[in-house]
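Chain and residue survey
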Amino acid sequence: MFGGRTVAVLMMACMMAGPALANSGKNKDPSDVLGSWSFQTSPYRSGQCVMSGTMRLSPHPDEGRYTCELTAVEMCSMWGRSVVRQSCEARRFGDQVSIRSTIEEMLETKFEGLLYVPDNFTLTIQSHERMFGALVSAVTAPVEFRRANDGIS
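Residues numbered from 1 in each chain as written. Predicted model: local features only at pLDDT ≥ 70, side-chain atom pairs only at ≥ 80, totals over all residues. Heavy atoms only, no water.

Taken as a whole, the largest pocket encloses approximately 170 Å³ of empty space. In terms of lining residues, the largest pocket is bounded by 14 residues, among which Arg45, Glu74, Tyr116, Val117 and Ala138 are the most central. Partitioned by chemical class, the residues of the lining of the largest pocket number ten nonpolar, one polar and three charged. (1 Å grid on protein atoms, 1.4 Å probe; cavity = no way out; pocket = protein on both sides within 12 Å on 5 of 7 lines; lining within 4 Å. Points joined across faces, edges and corners; volume = space filled by probe spheres on them. Nonpolar A, V, L, I, M, F, W, Y, C, P; charged D, E, K, R; others polar.)

This is the structure in structure tokens:
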């Protein structure tokens, strides 16, 4: 049915595809938190505010630590929208991740004199795709982080 050369080529193709298939989708290390994430809180301040945004976790030389940057978008019916770029450091303890932020730049604010407090998070890794926990800042609110799907540009 197949000649010796064809079988050899097919076997080689399967051997080369094996590692690529082994590292796709379902077999991702659930503890891998590096990369891009999007997040959203539950409503807070009596349902008048909600926060969403993006975060990128990058390697750090020390084990269990990450450097990160995040952009938070807070929408509040009483004072409008704030967009804040923050640098952050993340620490990992087992399946727990603690994120401590520093405000780098207020990109947008509608309320003059608004005192914005850095956005810190305490999270539990649920899977490679999801972390759940709390925003711990001027307020505390439940938050969900989802792995961002990086598009092709």
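Now that the structure has been shown, we can carry on.
Another point: the side chain of Ser82. Structurally, the position occupied by Ser82 is in strand S4 (residues 80-93). Overall, Ser82 belongs to the buried group, its relative accessible area being 0%. Every residue in contact with Ser82, bar those within four places of it in the chain, is listed here: Ala72, Val73, Glu74, Met106, Glu108, Thr109, Leu114 and Tyr116. (Helix = DSSP H or I, 4+ residues; strand = E, 2+ residues; numbered from the N terminus. Buried < 20%, exposed > 50% of the residue type's maximum accessible area, 1.4 Å probe, protein only. Contact = heavy atoms within 4.5 Å.)

This paragraph deals with the environment of Thr140. By the element assignment, Thr140 lies in strand S8 (residues 140-147). Measuring from C-alpha to C-alpha, the distance between Thr140 and Tyr44 comes to 7.8 Å, with 96 residues separating the pair along the chain. Beyond its immediate stretch of four places on either side in the chain, Thr140 contacts Ala134 and Leu135.

To continue, consider the packing of aromatic side chains. Think of a pair of aromatic rings as described by two things: how far the centres are apart, and how the planes are tilted against each other in angle. All told, the structure shown has three aromatic pairs when counted by the stated rule. Ring centres 5.3 Å apart and planes at 65 degrees place the aromatic pair Phe39 and Phe121 in the edge-to-face group. Here Phe121 lies in strand S6 (residues 120-125) and Phe39 lies in strand S1 (residues 35-41), a separation of 82 residues in the sequence. What makes Phe39 buried here is its relative accessible area of 4%. Phe121 gets classed as buried once you look at its relative accessible area, which sits at 0%. Pairwise contacts between aromatic rings join Phe39, Phe121 and Phe145 into one cluster. (Phe/Tyr/Trp six-rings, centres within 6.5 Å; stacked < 30°, edge-to-face > 60°.)

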